[in-house]
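# Understanding the architecture of this molecule
One letter stands for each residue in the lines below.
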Amino acid sequence: MTHLMILPVIIPMLAAAWLLVNHRASIGRQRVWSILSTSLLVALGVWAVIAAQTDYHTYWLGNWQPPFGIVLVLDRLSAMMLLLAALLALFCVLYASRGSDREGSHFHALFQFQLMGINGAFLTGDLFNLFVFFEILLLASYALLLHGGGRARSRAGLHYVIINLLGSALFLLALGILYGLTGTLNMADLAVRIAAASPDDQTLLKGAALLLMVVFGIKAAILPLLFWLPRAYSASSAPVAALFAIMTKVGFYAMVRVLLVVFGLDPTQPLNAGVFLWLWPLALATLGLGAIGVLGAASLRTMAAYLVIMSSGLLMASFAMAEATVLAASLFYLLHSTCLAAVFFLLADLIGRQRADGYDLLSVTAPLTHRWTLGTLFLVAAVSMAGLPPFSGFVSKAWLLQNAITHPHYLWLWGITLIAGLFMIAALSRAGSGWFWKPEPFSGRQRRKLDPARVATVSVLIGISGALALFAAPVMEYMTATAGQLYHPSAYVEAVLGEPATITGGLTP
């Protein structure tokens, strides 16, 4: 059973290799291979969540003993992220298989390579291998962003590539500093050595930590490092943009993992070490900017991109509070916001296909077919995303705001979150009324068919929001245990290194 841990990396790698070697195979065979691979990842995600509820699980490649070998670590957080990524990827590949994958070559191979990088980033217990998996998923995302060509995608891709290349350079610089000071890049071993570091090394360690926060801030799209995201996500094809909804969560995951394990942030000392003092105000500013972007978006795809930015801001603000109960609530919100952001990207494509002009522009009224079906899907998704009952958006935000009361500056989070929610409701109401009430219907000869497979894919993905609300109690229990595990890094270190360890502080203020 231990060898199952490496399969989330191996399966998409082998699938991508097969698809590249057999690139002349029919598109039908490529779709079957890609869907089968992604379905296996869903099954592995379910296994991971079940297995992670008992204890940490480690896998040492080549059986090299710690801390010298490459290690994969499975805990509650990585298991949850594996399952979320696999489920989202399955919906995206099913949607893409209805024709979007024909826009360019090697779609399914690139899709599998991206899943390999995402899963590897969630499982790795080594900072250098985190960099490697980041590069794999980024290289695949570069090509997926440009898939199908076009001037808009090329311009957006250029900005996306440049900012992420800068992030990669900073990542390597931070790794060089850490390795030079500690002689290791294994996260557990780093935690022990940083906790015991001499005062003379504190300045360089803080510099390395700040560089890593900048790198992860780029991935997570935090001010002022987010301006690449709206154009890149809105220019991508619908299934690619939907998969990209989890990319910012990879940055959030990496920040949580590195901050709590490697640098040993003590929950009793909020915003320890001074290195992370910038996270709280910038996260709130990101949330506010995302809300303004949603209100001023010119298309549903752009609106969905700003919804991703809003979710990143709220996640980072809750994490900056440095409290386990708030982090648990934010993890619940992470599940909700990722699925719903993906829904809006797919809905934008569905609506555009049924409009006379073929676009999802908000400012232009055009005849629209199947208004009742699309309007119902949009209404349910909008209600959930805006945080209104009875869906998961309301449950997650209510739980988050309730737990945030214990923080001394909770009024800032409450105020900005509620105002951002009001902006979101206004923007979604305006979009819905413009699309589904004002336009004249098509004539009989102009009426377009609605793909039932695409509608079913979006409907089931929306249904996850209802399922999260329906099973909120067990999900909350899992998230609470996950947050408690994250704020107890000694257990992580002991599981990886195989010896008792006490990590109480990390960097000093």
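In this text the structure is predicted, and so the values were computed from the model without any measurement. (Residues numbered from 1 in each chain as written. Predicted model: local features only at pLDDT ≥ 70, side-chain atom pairs only at ≥ 80, totals over all residues. Heavy atoms only, no water.)

Moving on: unusual backbone geometry. With omega at 0 degrees, the peptide bond leading from leucine 223 into proline 224 counts as cis. In this fold, proline 224 is placed in the loop between helix H8 (202-220) and helix H9 (229-235). With an omega dihedral of 10 degrees, the bond running from proline 389 to proline 390 counts as a cis peptide bond. Topologically, proline 390 is positioned in the loop between helix H15 (371-385) and helix H16 (392-404). Positive phi values are uncommon outside glycine, yet asparagine 63 reaches one of about 60 degrees. (Helix = DSSP H or I, 4+ residues; strand = E, 2+ residues; numbered from the N terminus.)

Right, let's talk about the pattern of salt bridges for a bit. In total, this model carries 7 salt bridges according to the counting rule given. Here aspartate 349 ties to arginine 301 by a salt bridge, and the two come within 3.5 Å at their closest N and O atoms. Taken together, the residues aspartate 349 in helix H14 (residues 324-354) and arginine 301 in helix H13 (residues 300-320) connect sequence positions 48 residues apart. Judged by relative accessible area, aspartate 349 falls into the buried class, the value being 9%. Within the structure, one salt-bridge network assembled from shared partners comprises Arg98, Asp451 and Arg454. (Salt bridge = Lys/Arg side-chain N within 4 Å of Asp/Glu carboxyl O. Buried < 20%, exposed > 50% of the residue type's maximum accessible area, 1.4 Å probe, protein only.)

Attention now moves to the packing of aromatic side chains. Aromatic ring pairs are defined here through the distance separating the ring centres and the angle between the ring planes. Enumeration according to the criterion identifies 19 aromatic pairs in this entry. The interplanar angle of 40 degrees and the centroid separation of 6.0 Å between the aromatic rings of phenylalanine 128 and phenylalanine 131 together place this pair among those described as tilted. Within this pair, phenylalanine 128 and its partner phenylalanine 131 are both found in helix H5 (residues 127-146), separated by 3 residues, close to a single helical turn. Here phenylalanine 128 falls in the partly exposed class, since its relative accessible area comes to 40%. Between phenylalanine 252 and phenylalanine 319, the ring centres sit 6.2 Å apart and the planes meet at 80 degrees, which makes this aromatic pair edge-to-face. On the criterion of sequence distance, the pair formed by phenylalanine 252 in helix H11 (residues 247-262) and phenylalanine 319 in helix H13 is long-range, its members being 67 residues apart. By the burial criterion, phenylalanine 252 is buried, and phenylalanine 319 matches it. Joined through ring pairs, the aromatic side chains of Tyr142, Tyr160, Trp228, Tyr233, Phe244 and Phe345 make up one cluster. Above the face of the tyrosine 478 ring, arginine 76 is positioned so that its terminal group lies 4.9 Å from the ring centre. (Phe/Tyr/Trp six-rings, centres within 6.5 Å; stacked < 30°, edge-to-face > 60°. Lys NZ or Arg CZ within 6 Å of the ring centre and 35° of its normal.)

Quick look at the packing of H11 against H14 now. Where H11 contacts H14, the two axes come as close as 12 Å, and the packing angle between them is 160 degrees. With respect to their mutual orientation, H11 and H14 come out roughly antiparallel. Note that H11 runs across H14; the crossing there is left-handed. Packed against H11, whose contacting residues are Lys249, Phe252 and Leu260, the element H14 presents Leu327, Ser330, Leu331, Leu334, Ser337 and Thr338 at the interface. Grouping the constituent residues of the contact of H11 with H14 by class yields 5 nonpolar, 3 polar and 1 charged. (Axes fitted to C-alpha atoms, helices over the stretch in contact; angles between N-to-C directions. Parallel < 35°, antiparallel > 145°, perpendicular 65-115°, else oblique. Left-handed = near helix turned anticlockwise from the far one by under 90°. Contact = heavy atoms within 4.5 Å. Nonpolar A, V, L, I, M, F, W, Y, C, P; charged D, E, K, R; others polar.)

Moving on, we get to helix H3 (residues 76-96). In this model H3 runs 30 Å from its N-terminal to its C-terminal C-alpha over 21 residues, within 8% of the 30 Å that 1.5 Å per residue would give. In terms of burial, H3 is a largely internal element, 19 of the 21 residues being buried. (Expected span 1.5 Å × (residues − 1).)

Where H5 contacts H11, the two axes come as close as 12 Å, and the packing angle between them is 175 degrees. What the angle tells us is that H5 and H11 run roughly antiparallel. Two secondary-structure elements touch here, H5 through Leu127, Leu130, Phe134, Leu137, Leu138 and Ser141 and H11 through Met247, Val250, Ala254 and Val258. Broken down by class, the residue content of the contact of H5 with H11 amounts to 9 nonpolar, 1 polar and no charged.

Attention now goes to H13. Along its 21 residues, H13 runs 30 Å from first to last C-alpha, staying within 8% of the 30 Å computed at 1.5 Å per residue. Burial of H13 is extensive: 20 of the 21 residues sit out of reach of the surface. The positive-phi residue at the C-terminal boundary of H13 is alanine 322, with phi of around 60 degrees.

Locating asparagine 164 in the fold gives a position in helix H6 (residues 151-182). Between the C-alpha atom of asparagine 164 and that of glutamate 135, which follows or precedes it by 29 residues, the distance is 9.3 Å.

Per-residue confidence for the protein gives a mean pLDDT of 86; residues scoring 70 or more make up 90%. Confidence scores differ between elements of the protein, with H9 showing the lowest mean pLDDT of 86 and H3 the highest of 95. (pLDDT = per-residue confidence, 0-100.)

Formed by 191 residues in total, the largest nonpolar core has its most connected members in Phe216 and Phe344. When residues in this core are grouped by element, the largest group, 21 residues, is from H14. The contact partners of phenylalanine 344, leaving out residues within four places of it in the chain, are Leu300, Ala304, Leu307, Phe378, Ala381, Ala382, Met385 and Leu428. (Core = buried A, V, L, I, M, F, W, Y, C linked by side-chain atoms within 4.5 Å.)

Counting through the fold element by element, alanine 404 comes out in helix H16. For alanine 404, a relative accessible area of 0% translates into the label buried. The residues touching alanine 404, leaving out its near neighbours within four places in the chain, are Met321, Val326, Tyr410 and Leu413.

Moving on, we get to the side chain of aspartate 75. Along the chain, aspartate 75 falls in the loop between strand E2 (71-74) and H3. Only 2.7 Å separates the side chain of aspartate 75 from the side chain of arginine 257, close enough to count as a polar contact. Once residues lying within four places of it in the same chain are set aside, the contact partners of aspartate 75 are Ala52, Tyr56, Arg257 and Gln485. (Polar contact = N/O pair within 3.5 Å; in protein donor to acceptor, adjacent residues only side chain to side chain.)

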